[in-house]
Amino acid sequence: RSQRGNFCRMVLYEIDHVQKCFDKTVVSMACGGEATILLYENGGWAFTSGLLKNLHNKLNGRQKKLPAPVYVSMGSQDRYYIKFADGKSEYVACEEMNEALKSTSRTVKTIAFGEDWDSYFIVYTDGWWQCKNTPRALSDLIDRRKSK
């Protein structure tokens, strides 16, 4: 976390609430649509209005004895990915992403959801990645780097 710096510029819905909730104990922050969610070192979380119902239900009333959430990503169309301290994760995504995650033993570092239902980019902790239906400019950049 020390590598992430100590300055943040945000343009978000409910910015005052997000700034009030953001502190040095935030381990993950995700924005999707009009909602923002922050996860804390102690397993707690804060969010703005508009949080995906499925994600809210996954966290609301979560028993303290269960592993804490440590990473979250949100996308449009009610898509999300959440990872817990025990390494388990839960998500709502397209079938191709579901298969990609189920068929690998790699550990997810980050996930980005694209504009379309079947658009995503997964980065693993070992540097490997998988993606589908990415924007043309990103696809072109990936193809150029592959050819080097």
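Coordinates for the structure precede this section.
This section reports on the structure supplied with the text. (Residues numbered from 1 in each chain as written. Predicted model: local features only at pLDDT ≥ 70, side-chain atom pairs only at ≥ 80, totals over all residues. Heavy atoms only, no water.)

Another point: the pattern of salt bridges. All chains considered together, the criterion is met by five salt bridges. A salt bridge links E90 to K58; the nearest nitrogen and oxygen atoms lie 2.5 Å apart. In this pair, E90 is assigned in strand β6 (residues 89-92) and K58 in helix α2 (residues 53-59), connecting sequence segments 32 residues apart. A residue is classified by how much of its surface remains accessible, and K58, at 26% relative accessible area, is partly exposed. Across the salt bridge formed by K132 and D118, the nearest N and O atoms sit 2.8 Å from each other. One end of the pair, K132, is in strand β9 (residues 129-132); the other, D118, is in the loop between β7 (108-113) and β8 (120-124), with 14 residues separating them in the sequence. Residue classification places K132 among the partly exposed positions, given a relative accessible area of 26%. Bridged by salt links that share partners, the residues E96, D118 and K132 form one connected network. (Salt bridge = Lys/Arg side-chain N within 4 Å of Asp/Glu carboxyl O. Helix = DSSP H or I, 4+ residues; strand = E, 2+ residues; numbered from the N terminus. Buried < 20%, exposed > 50% of the residue type's maximum accessible area, 1.4 Å probe, protein only.)

Most of strand β2 (residues 35-40) sits inside the fold, with six of its six residues counted as buried. Side chains of β2 alternate between two faces, with A35, I37 and L39 and T36, L38 and Y40 buried alike. Inspection of the sheet shows strand β1 (residues 26-32) paired to β2 by six bridges, in the antiparallel sense. Its bridge partner lying in β2, G32 is registered against A35. Turn length for the β1-β2 hairpin, with the two strands adjacent in sequence and antiparallel, is two residues, and the turn residue G33 shows positive phi of about 60 degrees. (Pairing = 2+ DSSP bridges.)

Moving on, we get to the sheet that holds β1. Read from one edge to the other, the open sheet built from three strands follows the order β1-β2-β3, with strand pairing classed as antiparallel. In the strand order of this sheet, the two ends are held by β1 and β3 (45-47), each with one partner. Pairs of neighbouring strands in the sheet enclose a mean axial angle of 10 degrees, with direction left out of account. (Axes fitted to C-alpha atoms, helices over the stretch in contact; angles between N-to-C directions.)

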